[in-house]
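Structural description and commentary
Chain by chain, the residues:
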Amino acid sequence: MDQGNREKTTYLAALAYLSEKDNQNYQITGITKDAKKLGDQAQTIILQGASMRPTEIDGVKIQSVFDLPLYSFKLEIKRRWLPKKEEIDLVFRDYPGEIFDELASGIYKPVHQEFIDECFVKDVVGCLLLLHRWDRGGERFYSQLMKRFIDLMDNRDRSLDLRLAVAMSKCERGELWPGRLDPEIDLFKVHLPRTTSILRKKIPPQNLRFYAISTFGILKRNDPRPNRLDELGSEHSVLREPPKWEPYGMISPLYWLSKGKRM
Ligand SMILES: Nc1nc2c(ncn2[C@@H]2O[C@H](COP(=O)(O)OP(=O)(O)OP(=O)(O)O)[C@@H](O)[C@H]2O)c(=O)[nH]1
Ligand SMILES: [Mg+2]
């Protein structure tokens, strides 16, 4: 089952891009060489109006997740009333979307075993799950995938102590943007009710939060047109006005995943 267009690598590149920008609430810094390389790709690909390549190793399908780069970042939260910055270490493995497609359809290869081992090991405190579909097919796919994911959490004894930040991505889309303020009610319950109820039934409430993210964002605070162009004849989207690039909602799920409280 191929779910087509996705968003993960672009999200990570946008994190690297944010490290170049000034923000009064946080500072994010790429630590590993790979994280820095991703920052260069944000400049040379996304900001040039092009799209990141699908995650593969040298153009071939992934044989082992350990061949994929690990991106690590330091996130510092600035608070005016606190003398010391709060520091969070973030480590990402950018899995190819295929892994999720195959997990949902019950395909099981060594690469899935590696993914599961890495994802559910005890010192991982949480996962960010990016969902971009909100149609009926998406609901079918995600409900199946979530059931499977929760079973795997159960098998690893992680169903009670792993945080899940479930985010609707590409939220600059006109139909979704108004729902971003209360994504659990206005995005997930409305468009993916079955998926939402499976998650709420199985995951303790303190370990589950719903978010809205748009890596591309909108044109301006008072101009909610998407900062996005769809490439003709392809499933790819690119920035419409690169100088106005302002990702939305990227940091708060990461803070909650790490700390278990709101930023
Ligand atoms: N509309 C919109 N498109 C986005 C956004 N983020 C990424 N995309 C587009 O979605 C497509 C896929 O993005 P990738 O980042 O390559 O997705 P991926 O999850 O890494 O895909 P695989 O590596 O194949 O698993 C690209 O055309 C991106 O430009 C977003 O916030 N909004
Ligand atoms: Mg990718």
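Here the structure is shown first, and the text comes after it.
Rules behind the numbers
- Along each chain, residues carry numbers from 1 onward, in the same order as the chain's sequence is written.
- The order in which chains are written sets their letters, starting at A; the order in which ligands are written sets their numbers, starting at 1.
- In keeping with the model being predicted, local features are shown solely for residues with a pLDDT of at least 70 and side-chain atom pairs are shown and tallied solely at 80 or more, while totals for entire chains, interfaces and linings include all residues.
- Calculated side-chain values reflect all of the structure's heavy atoms, with hydrogen atoms and water omitted.
- Inter-axis angles, ranging from 0 to 180 degrees, are taken between N-to-C directions of lines fitted to C-alpha atoms, where helices are fitted over the stretch in contact.
- Runs of E in the DSSP output that reach at least two residues are strands. Runs of H or I that reach at least four are helices, and both are numbered from the N terminus.
- Under this scheme an angle from 65 to 115 degrees is roughly perpendicular, one under 35 degrees roughly parallel, and one over 145 degrees roughly antiparallel; angles in between are oblique.
- The criterion used for residue contact is that any of the two residues' heavy atoms lie within 4.5 Å.
- Classification convention: Asp, Glu, Lys, Arg as charged; Ala, Val, Leu, Ile, Met, Phe, Trp, Tyr, Cys, Pro as nonpolar; all other residues, Gly among them, as polar.
- Each residue is placed in one exposure class: buried if its accessible area under a 1.4 Å probe, protein chains only, is under 20% of its type's maximum, exposed if it is over 50%, and partly exposed if it falls in between.
- Two strands qualify as a pair provided that DSSP identifies no fewer than 2 bridges between them.
- Handedness of a crossover: with both strands directed away from the viewer, a clockwise path from the first strand across the helix to the second marks it as right-handed.
- Only rings of Phe, Tyr and Trp enter the pairing, Trp through its six-membered ring, and a pair is recorded when the two centres are within 6.5 Å. The plane angle decides the type: under 30 degrees is stacked, over 60 is edge-to-face, the rest tilted.

Some remarks on the packing of helix α6 (residues 183-191) against helix α7 (residues 193-202)
Two numbers describe how α6 lies on α7: the axes approach to 5 Å, and their chain directions differ by 110°. Considered as vectors, α6 and α7 are oriented roughly perpendicular to each other. For the pair formed by α6 and α7, the contact residues are E184, F188, K189, V190 and H191 on the first element and P193, T196 and R200 on the second. When its residues are assigned to classes, the contact of α6 with α7 shows 3 nonpolar, 2 polar and 3 charged.

Notes on the pairing of strand β5 (residues 163-168)
With 6 of 6 residues buried, β5 is to be regarded as a mostly interior element. Neither face of β5 is open: one carries R163, A165 and A167, the other L164, V166 and M168, and all of them are buried. Here strand β4 (residues 126-131) pairs with β5 via 6 bridges, running parallel. If you follow L128 over to β5, its bridge partner there is A165. Read from β4 through helix α5 (residues 136-155) to β5, the crossover connection turns out right-handed. Bridging between β5 and strand β6 (residues 208-212) involves 5 bridges; their strand directions are parallel. Residue pairing for β6: A167 is matched across the bridge by Y211.

Here we look at the packing of aromatic side chains
Geometrically, a pair of aromatic rings is defined through the distance of the ring centres and the angle of the planes. In the structure shown here, the tally under the stated rule is 9 aromatic pairs. Ring plane angle 75° and centroid distance 6.0 Å describe the contact between F73 and F92, whose orientation is recorded as edge-to-face. Linking F73 in strand β2 (residues 70-77) with F92 in strand β3 (residues 86-93), this pair joins segments that are 19 residues apart in sequence. As far as burial versus exposure is concerned, F73 and F92 are alike and both buried. Consider the rings of Y95 and F115, whose centres lie 4.6 Å apart with planes at 90°: the pair is edge-to-face. Linking Y95 in the loop between β3 and α3 (97-104) with F115 in helix α4 (residues 110-120), this pair joins segments that are 20 residues apart in sequence. Here Y95 matches F115 in class, with each residue buried.

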